[in-house]
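Coordinates in review
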Amino acid sequence: MSARPLSPGAKVRVRTGDPLTHCRTPRYLRGRQGTVVRALGRFANPEELAYHRPGLPALVLYQVAFEAREVWGERLTEPSYRIHADVFEHWLEPLPGEAEASS
Amino acid sequence: MRSDSPGGAAPVDADEIRPDSRRLEEALRGLLLERGVFTEVDLRRQIEATGARTPLLGARIVARAWADAGFRDALLAEARPALEQAFALDLEHTPEITVLENTAGVHHVVCCTLCSCYPRNILGVPPLWYKSREYRSRVVIEPRAVLAEFGTRIPPEREIRVVDSTADMRYMVIPLRPTGTDGWDEERLASLVTRDSLIGVAHAREPDAAPG
């Protein structure tokens with residue numbers, strides 16, 4: 001489960017999937033591409049904690065930046081901006097990109 | 001303040017507390033008390049402690065950051081130890097917090113699209129609109145329009161960052177320091193910092209508009 005750490009600048013895609021159980025990955029970001037800003041530390045998995053399980057081993061939580069254009073596409077009515085959201089490592093899929101070499 | 005819901009954590013429409021949510025909260029609270037997870041006294045103390053935290057503390061934190069570059073740098077690098085040391089706070093069993101600085105180039109605005117995550121350990125209970133479906137769903141797709149409704153204009157060349165607190169990190173904003181405040185002491189500076197500017201839906205007050 002524990003993947004290689006993602007460095008700031010790494011390109012990632014949020015995994016798709018629609019669990020019926022508790023989940024802290026917002027739907028509007030699933031399947032979207034973003035860039036890691038930084039790792040925020042390790043936290044117990046909320047998908048387990050919600051059901052009174054320990055949620056261990058703790059997972060790395062990443063702050064990820066998304067371009068509004070990438071998130072909303074045609075629905076966007078404003079000049080592009082960035083959305084920063086915090087996503088757990090098991091929801092992130094590394095994409096090939098320039099930042100990979102630094103890890 | 002919603003007196004019927006001690007945690008006040010459930011996301012709601014501003015004008016609506018759904019009866020089923022209320023019943024769920026009552027049932028859950030009853031079970032937790034019955035099983036001894038916590039006592040009525042613990043619950044009351046927690047409500048009291050949360051109620052004692054207000055945006056005034058946030059205003060003092062921002063004023064210190066504006067006045068003291070060393071504190072600001074420590075705060076931006078790692079907020080919790082900087083806050084514990086400078087303001088004699090015990091934040092050990094409370095959520096992680098990150099402080100974001102608005103600059104001439106970047107404006108941060110904080111939300112929680114999933115529920116109502118908010119730095120309660122610093123600022124207390126969030127405003128009702130922060131928990132509303134309208135704010136939570138709109139600020140991530142049309143932030144400039146939402147900010148304009150708060151009377152906040154962001155020049156087109158300034159980047160907007162909508163910070164969605166989706167997990168274990170809580171966020172507080174340091175607004176831009178208004179011009180014309182050189183040499184002001186911290187108390188005077190703090191009078192310019194409003195709750196909404198700590199969330200990023202408003203700027204700090206301009207000196208002329210400040211009371212006193």
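Attention shifts here to the overall build of chain A. Helix and strand content of chain A: two helices and five strands. Its C-alpha atoms give chain A a radius of gyration of 14 Å, near enough to 13 Å, the size a compact globule of 103 residues would have. Here the C-alpha coordinates of chain A stretch approximately 45 × 35 × 20 Å along the principal axes. Counting only residues that meet the buried cut, chain A has 45% of its 103 residues in that class.

Across the boundary between the two partners, chain A contributes 23 residues, which contact 25 residues of chain B. At the boundary of chain A with chain B, total buried surface from both sides reaches about 2000 Å², with 53% on carbon and sulfur atoms. When the buried surface of chain A facing chain B is broken down by residue, Arg24, Glu78 and Tyr81 of chain A rank first, second and third, together holding 29% of it. Linking chain A with chain B are one salt bridge, by the criterion used here. The salt bridge partner of Arg82 of chain A is Glu159 of chain B, with a shortest N-O separation of 2.8 Å. Counting across the chain A and chain B interface gives 16 residue pairs in polar contact (both at pLDDT 80 or more). Those elements that provide at least two residues to the side of chain A that touches chain B are β2 (33-43), β3 (59-67) and β4 (82-88) of chain A. It is β4 of chain A that provides the largest number of residues to the side of chain A that touches chain B, a total of six residues. Taken together, the residues of the side of chain A that touches chain B break down into 13 nonpolar, four polar and six charged. As judged from the four bridges shared by β4 of chain A and strand β3 (residues 159-164) of chain B, these two strands associate in the parallel manner. Bridge pairing links Ala85 of chain A to Asp164 of chain B in β3 of chain B.

This part is about the sheet that holds β2 of chain A. Pairing is mixed across the open sheet formed by seven strands, whose spatial order is β5(A)-β1(A)-β2(A)-β3(A)-β4(A)-β3(B)-β2(B). With one partner strand each, in any of the chains shown, β5 (92-94) of chain A together with β2 (106-111) of chain B form the two edges of the open sheet. Going across the sheet, the axis of each strand differs from the next one's by a mean of 35°, ignoring polarity.

Residues Trp72 of chain A together with Leu75, Leu83 and Ile122 of chain B are the most contacted members of the largest nonpolar core, which totals 80 residues. Here this core takes seven residues from helix α3 (residues 55-67) of chain B, the largest share from any one element. Apart from residues no more than four positions distant in its own chain, Ile122 of chain B is found in contact with Arg53, Thr54, Leu57, Ile61, Leu83, Leu89, Leu91, Ile97 and Met172 of chain B.

As for its position among the elements, His84 of chain A is in strand β4. With near-sequence residues (within four places) excluded, His84 of chain A lies in contact with Val37, Gln63, Val64 and Ala65 of chain A together with Arg161, Val162, Val163 and Asp164 of chain B.

So, on to the pairing of β4 of chain A. Residues and elements named next belong to chain A. Across the seven residues of β4, six count as buried, placing the element largely inside the fold. As defined by bridge partners, β3 adjoins β4 across seven bridges and the pair is classed as antiparallel. The residue bridging Leu61 from the neighbouring strand is Phe88, located in β4.

A separate point is the environment of Leu198 of chain B. Residue and element names in this part refer to chain B. Residue position: Leu198 is located in helix α11 (residues 195-199). A relative accessible area of 1% means that Leu198 is categorised as buried. Between the alpha carbons of Leu198 and Thr39 there is a distance of 33 Å; along the sequence they are 159 residues apart.

Another point: the packing of α3 of chain B against helix α5 (residues 79-87) of chain B. Residues and elements named next belong to chain B. Packing of α3 against α5 brings their axes to within 12 Å, and their N-to-C directions diverge by 95°. One way to sum up the angle between α3 and α5 is to call them roughly perpendicular. Residue-level inspection shows Leu57, Arg60, Ile61 and Arg64 of α3 in contact with α5, the latter providing Leu83, Ala86 and Phe87.

Bringing the pairing of strand β1 (residues 11-14) of chain A into the picture now. Residue and element names in this part refer to chain A. Residues Val12 and Val14 point to one face of β1 and are all buried, whereas Lys11 and Arg13, pointing to the other face, are not buried. Bridge count for β1 against β2 is three bridges, and the pairing is antiparallel. From the neighbouring strand, Val12 faces β2, where its bridge partner is Gly34. In the sheet, β1 pairs with β5 via three bridges, with the strands oriented antiparallel. Across the sheet, the residue bridging to Val12 is Pro94, located in β5.

Scoring rules and cut-offs
- Sequence positions are assigned chain by chain, starting from 1 and proceeding in written order.
- To read the labels, note that chains go from A and ligands from 1, taken in the order they are written.
- Where local features are concerned, this predicted model is filtered to residues with pLDDT of at least 70; where side-chain atom pairs are given and counted, the filter is 80 or more; whole-chain, interface and lining totals use all residues.
- In computing side-chain values, all of the structure's heavy atoms are included and hydrogens and water are not.
- Every helix listed is a DSSP run of H or I at least four residues long, and every strand listed is a run of E at least two residues long, numbered separately from the N terminus.
- The quantity called the radius of gyration is restricted to C-alpha atoms. Its globule counterpart is 2.2 Å times the number of residues to the power 0.38.
- A simple rule labels every residue: compare its accessible area, found with a 1.4 Å probe on the protein chains alone, to the largest value its type can have, and call it buried under 20%, exposed over 50%, or partly exposed in between.
- Here, two residues are considered to be in contact whenever any of their heavy atoms come within 4.5 Å of each other.
- Take the accessible area each of two parts loses on contact, using a 1.4 Å probe, and add the two losses: that sum is the buried area.
- Just to be clear on terms, a salt bridge is a Lys or Arg side-chain nitrogen sitting within 4 Å of an Asp or Glu carboxyl oxygen.
- Any pair of nitrogen or oxygen atoms within 3.5 Å is treated as a polar contact; in protein, a donor-acceptor pairing is required on top of that, and neighbouring residues in sequence qualify only through side-chain atoms on both sides.
- For this classification, Asp, Glu, Lys and Arg are treated as charged, while Ala, Val, Leu, Ile, Met, Phe, Trp, Tyr, Cys and Pro are nonpolar and the rest, including Gly, are polar.
- Strand pairing is assigned whenever DSSP detects at least two bridges linking the two strands.
- Structural elements are reduced to axes, namely lines fitted to C-alpha atoms, with helices fitted over the stretch in contact, and the angle between N-to-C directions of any two is expressed from 0 to 180 degrees.
- Among the buried residues, those of types Ala, Val, Leu, Ile, Met, Phe, Trp, Tyr and Cys that are joined through side-chain atoms within 4.5 Å form a nonpolar core.
- Any angle from 65 to 115 degrees is called roughly perpendicular, while one under 35 is roughly parallel, one over 145 is roughly antiparallel, and all others are oblique.

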